Amino acid sequence: MRRPVDLFAEDRVRLPREEALRELCGDLLRTSYQPGEYRLPNGVTSSGYFQKYRFVTRPGILQRLGRFLAELVPPTTDRLAAPTLGAALIGAAVSLETGLPFVVVRTGPDEGRPGTHRIEGGLYGGERVTLIEDVVVTGTRAATAVAELRAAGAVVTTVVSVIDGLSGAKDRFADLEYRPLLTVRDVGLPEDVFRATDPSPGAVAGRATSGEEDL
């Protein structure tokens, strides 16, 4: 019987960092990128999107993301934070890799139900927080999470993301340090894949409206 391969065994031969990152780019693109014309939640269209739950639910990808993103977390960070839903899974992976505690930030308008809190987990005033994101397009969700954390007394210094869509998020985070692991260019997509355009009659409505993108 063939012995199963432990992909994360400490004695396993590993690729050099740059090769490992290129391999991760290919895995992200192959498992989750959906080409085509889609209508995004803000009513504009995009020529494709990342169905992020297809990569955050794969342990082989999620664990590698935790390792790479951990490298981008400033050493002065006291706590990590991540918005619901998919980014919270990545935040947990980075938390396990760094040993830093983390909180989950509710950013949806309907997430203030009785018994829930906008920020779930322990957070103390004055803590230096790094926000973990998945795919950032314009940065709307991340900006909302930063505002929630600051309102609770946290000092948010940094936003770390898996993929930057090169659609203006860097300018939106002008008062923060923004550290994307990858850009759409790095994974082999055109720089304008997420550039907002006017909705066209041929756009597929509703295909990317369930939180797949951080707009």
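Note that the structure is a prediction, hence the values are computed from the model and not measured.

Attention shifts here to the overall build of the protein chain. In terms of helices and strands, the protein chain carries 6 helices and 8 strands. When its helices and strands are written in sequence order, the protein chain yields α-β-β-α-α-β-α-β-β-β-α-β-α-β. By residue count, 49% of the 215 residues in the protein chain fall in the buried class. Pairs at least 24 residues apart make up 65% of the contacts formed inside the protein chain by residues separated by at least 6 positions. With an accessible surface of roughly 10,700 Å², the protein chain has 53% of that area assigned to carbon and sulfur atoms.

What follows covers the confidence of the model for the protein chain. This prediction gives the protein chain a mean pLDDT of 85; 79% of its residues lie at or above 70. Within the protein chain, the lowest mean pLDDT, 84, falls on strand S2 (residues 45-50), and the highest, 98, falls on strand S3 (residues 79-83). Within the model, the stretch residues 199-213 combines pLDDT values under 50 with 36 contacts to residues more than four positions away or in other chains.

Within the element layout of this structure, glutamate 127 appears in the loop between strand S5 (119-120) and strand S6 (128-136). The exposure class of glutamate 127 is buried, given its relative accessible area of 13%. In this structure glutamate 127 touches Asp78, Arg79, Ala154 and Val155, once residues within four positions along its chain are discounted.

Another aspect to go through is the packing of helix H3 (residues 59-70) against helix H4 (residues 86-98). Packing of H3 against H4 brings their axes to within 8 Å, and their N-to-C directions diverge by 65 degrees. Like other packed secondary-structure pairs, H3 and H4 cross with a definite hand, here right-handed. Residues Leu62, Gly66, Arg67, Leu69 and Ala70 of H3 touch H4, and the partners they reach there are Leu89, Ile90, Ala93, Val94, Glu97 and Thr98. Per-class residue counts for the contact of H3 with H4 are 7 nonpolar, 2 polar and 2 charged.

It is worth spelling out the pairing of S3 at this point. Counting buried residues in S3 gives 5 out of 5 residues, a clear majority hidden from the surface. The alternating pattern of S3 places Arg79, Ala81 and Pro83 and Leu80 and Ala82 on opposite faces, both of which are buried. In terms of strand pairing, S3 meets S6 through 3 bridges, oriented parallel. By the bridge assignment, arginine 79 is partnered in S6 with valine 129. The sheet contact formed by S3 and strand S4 (residues 102-105) spans 4 bridges and is parallel. Among the inter-strand pairings, alanine 81 is bridged to a residue of S4, identified as valine 103.

The next point concerns the sheet that holds S3. Spatial ordering of the open sheet is given by S5-S4-S3-S6-S7-S8, a layout of 6 strands whose pairing is mixed. Both edges of this open sheet fall to S5 and strand S8 (177-183), since each of them pairs with a single strand only. Against the sheet, H3 contacts S6, strand S7 (155-164) and S8, and its axis sits at roughly 135 degrees relative to S7. In this fold H4 packs onto S3, S4, S6 and S7, with an angle of close to 160 degrees to the strand it touches most, S3.

On inspection of all chains with the given rule, the structure shows 4 aromatic pairs. Here phenylalanine 50 and phenylalanine 194 contribute two aromatic rings whose centre-to-centre distance is 6.4 Å and whose plane-to-plane angle is 50 degrees, an arrangement assigned as tilted. Here phenylalanine 50 is found in strand S2, whereas its partner phenylalanine 194 is found in the segment after S8, with 144 residues between them in sequence. Judged by relative accessible area, phenylalanine 194 falls into the buried class, the value being 3%. With 5.1 Å between their ring centres and 65 degrees between their planes, phenylalanine 173 and tyrosine 178 make a pair best called edge-to-face. The buried category is assigned to phenylalanine 173, whose relative accessible area is 2%. Here tyrosine 178 falls in the buried class, since its relative accessible area comes to 14%.

Quick notes on the rules
- Residues numbered from 1 in each chain as written.
- Predicted model: local features only at pLDDT ≥ 70, side-chain atom pairs only at ≥ 80, totals over all residues.
- Heavy atoms only, no water.
- Helix = DSSP H or I, 4+ residues; strand = E, 2+ residues; numbered from the N terminus.
- Buried < 20%, exposed > 50% of the residue type's maximum accessible area, 1.4 Å probe, protein only.
- Contact = heavy atoms within 4.5 Å.
- Areas by Shrake-Rupley, 256 points an atom, 1.4 Å probe, with all protein chains shown as cover.
- pLDDT = per-residue confidence, 0-100.
- Axes fitted to C-alpha atoms, helices over the stretch in contact; angles between N-to-C directions.
- Left-handed = near helix turned anticlockwise from the far one by under 90°.
- Nonpolar A, V, L, I, M, F, W, Y, C, P; charged D, E, K, R; others polar.
- Pairing = 2+ DSSP bridges.
- Phe/Tyr/Trp six-rings, centres within 6.5 Å; stacked < 30°, edge-to-face > 60°.

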